Amino acid sequence: MTELLHKLFETNSLTKDEIIQVLSTLNEGDHKAQLFDYAHKTRLAHYGPRVFMRGLVEFSNYCKQDCMYCGIRASNRNADRYRLSPEDILECCREGYELGYRTFVLQSGEDFWYTEERLLQILQLVKGAYPEVAITLSIGERSRATYEALYKGGAERFLLRHETASRELYEQLHPSMSYDNRMECLHTLKEIGYQVGAGFMVGLPGQTVSHLAEDLDFLHRFQPDMIGIGPFIPHSDTPLKGAKGGTVEDTLVMVAMTRLLVPKANLPATTAMGSLDPQGRERAIKAGANVVMPNLSPTSVREKYALYENKICTGDEAAHCRSCIEMRIKVSGFDVDMGRGDSLNWQAV
C-alpha cells in the first residue's frame, strides 16, 4: 500500500485496479494520513498556499431534469421557484466586484427560460461592466452551437459535473438524462476551449468502491480544469429522502486522490462539506482543495436553491460570507487570492 501511494505521489498515475486497491485498504495503519500529506504537498507544489475565491450567483432554481437526489428536480412541487433578471445578476456581480472578486460563477438548474439570447445578454452586461473578470457558467446541457456562442460572448469556464462515471449508476439516478450526452457535452466544452469543470458526489445510494475508482480514472484521463467533489446529502422532497448520506471522511479521500491524479486542476472545498462539518471546508483545503465559492446571491433566494437540505450560510450577507471564509482560510495557514485563478492545465495548453 505504501508503495502504491508513493507511486501515485511520484507519477500522478495509477491504474483503475490500483485505485481500487488503495481505496479498499486505506483505513489500515497510517495510510490515510500519508495520502493527505502527499495531496497537500502536491497542491503546494502547483498552487502554493493560495486559495482562490469565486463569487457564486445561483440565479434560477427552475430545472427541466429530474435527478433522483436533487431538491430542485422538476417533479418537486414543494420547491419555491425563482429566477433572477439579468439586472439582478449584474447587481450581485457589482457587489462582488466591490468586495474584490474577479471570478463569478453563474449557476442555475437546467432552465431554458434563459435562452441563448438571454444568456448572452447577461454575459454582455457583466463583461461590459467588468471586462477583466472571469465568468464560469454552470447551467447544464446545451447544444454545441449555444456553448460556442456563450464562449464567444465572454464565458471562459464551464462547470458540468459528470455526477458519476458509471453508466449503470448514472442511468439509475438520472431518469430524464443521457449518460452519452453528458459525456459528449464535457468533451465538446473542452474542444471549444473552455476551462472545463467536472465532478461527482460521494456516498450515493448504490455507489461502490469500483464506481468511485471509475470516477477517479475518468478524471485522470479527462484532466479537467476544475473538479467539484462533495458528499451526497439527502433531500426530503426526493425519492432518495430516506437514503444514507455520504461522509466528510470519504469525501476527503476523494479530494486527496483527485489532487494527486489531476495535480493542476482547481478543486473547490465545497459548501456541502461545510454543511456536514463546521470544519469541512478547512479540512478539504488541507487535503488538496484550493478554491472556495462564497455566495453572492440575494439572501431572499438562497434558501430556495436547495439541492440538498441544511445548507450553510443561506442568511449571511455577501460581505460577511467573504470575511468569514477569509478568516477561516488564514487561520488554517493558507492565503486568500482574489484573482482570476486560472487552471494550470488550461494555461499549459
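Our subject is the structure listed above.
Novice: Please explain the sheet that holds strand β2 (residues 55-60) as it appears in this structure.
Specialist: Read from one edge to the other, the open sheet built from six strands follows the order β2-β3-β4-β5-β6-β7, with strand pairing classed as parallel. Since the sheet does not close on itself, it has two edges, and those belong to β2 and β7 (226-231), each with one partner. In this sheet, adjacent strand axes meet at a mean angle of 20° when their direction is disregarded. Both strand β5 (residues 157-159) and strand β6 (residues 195-202) contribute to a ladder of three bridges, which runs parallel. Each residue of the ladder has a partner; that of R157, found in β6, is Q195. Here helix α10 (residues 248-261) sits on the sheet in contact with β6 and β7, set at roughly 165° to β7.

Novice: How should the state of the cysteines be read in this particular structure?
Specialist: Covalently bonding the sulfur atom of one cysteine to the sulfur atom of another cysteine gives a disulfide. Applying the stated criterion across every chain, the model contains zero disulfides. C63 takes part in no disulfide bond, and the closest cysteine sulfur, belonging to C67, lies 6.3 Å away. Counting only cysteine sulfurs, C70 is the nearest neighbor of C67, a cysteine outside any disulfide, at a range of 6.1 Å. Judged by relative accessible area, C67 falls into the buried class, the value being 12%.

Novice: Whenever I open this one, empty space enclosed by the protein confuses me. Can you help?
Specialist: Enumeration according to the criterion identifies four cavities of 30 Å³ or more in this entry. In this structure, the largest cavity spans a volume of roughly 890 Å³. Residue lining of the largest cavity: 41 residues in total, with Q107, R161, E163, Y305 and L307 positioned closest to the centre. Of all the secondary structure elements, the ones that give two or more residues to the lining of the largest cavity are β2, β3 (103-108), β7 and α11 (271-276). Looking at the lining of the largest cavity element by element, the count peaks at three residues for β7. For the lining of the largest cavity, the per-class residue count stands at 22 nonpolar, 11 polar and eight charged. For the second largest cavity, the calculated volume is near 140 Å³. Taken together, 17 residues form the lining of the second largest cavity, with R281, P294, N295, C313 and C321 sitting closest to its centre. When contributions to the lining of the second largest cavity are tallied by element, the ones reaching two or more residues are β2 and α14 (318-331). Examining the composition of the lining of the second largest cavity, we find that four residues originate from one element, α14, more than from any other. Along the lines of polarity and charge, the residues of the lining of the second largest cavity split into eight nonpolar, four polar and five charged.

Novice: What is the right way to look at the sheet that holds strand β1 (residues 50-53) in this model?
Specialist: Within a sheet, neighbouring strands are paired by backbone hydrogen bonds and run either parallel or antiparallel to one another. Pairing in this open sheet of three strands is parallel, and the strands run β8-β1-β9 from one edge to the other. Of all strands in the sheet, those with a lone pairing partner are β8 (291-292) and β9 (335-337), marking the two edges. The pairing of β1 with β9 spans three bridges and is parallel. Of the residues in β9, the one forming a bridge with F52 is D337. Contacts between α14 and the sheet are confined to β1, β8 and β9, with β1 contributing the most and set at about 170° to the helix.

Thresholds, definitions, all that
- Residues numbered from 1 in each chain as written.
- Predicted model: local features only at pLDDT ≥ 70, side-chain atom pairs only at ≥ 80, totals over all residues.
- Heavy atoms only, no water.
- Pairing = 2+ DSSP bridges.
- Helix = DSSP H or I, 4+ residues; strand = E, 2+ residues; numbered from the N terminus.
- Axes fitted to C-alpha atoms, helices over the stretch in contact; angles between N-to-C directions.
- Contact = heavy atoms within 4.5 Å.
- Disulfide = S-S within 2.5 Å.
- Buried < 20%, exposed > 50% of the residue type's maximum accessible area, 1.4 Å probe, protein only.
- 1 Å grid on protein atoms, 1.4 Å probe; cavity = no way out; pocket = protein on both sides within 12 Å on 5 of 7 lines; lining within 4 Å.
- Points joined across faces, edges and corners; volume = space filled by probe spheres on them.
- Nonpolar A, V, L, I, M, F, W, Y, C, P; charged D, E, K, R; others polar.

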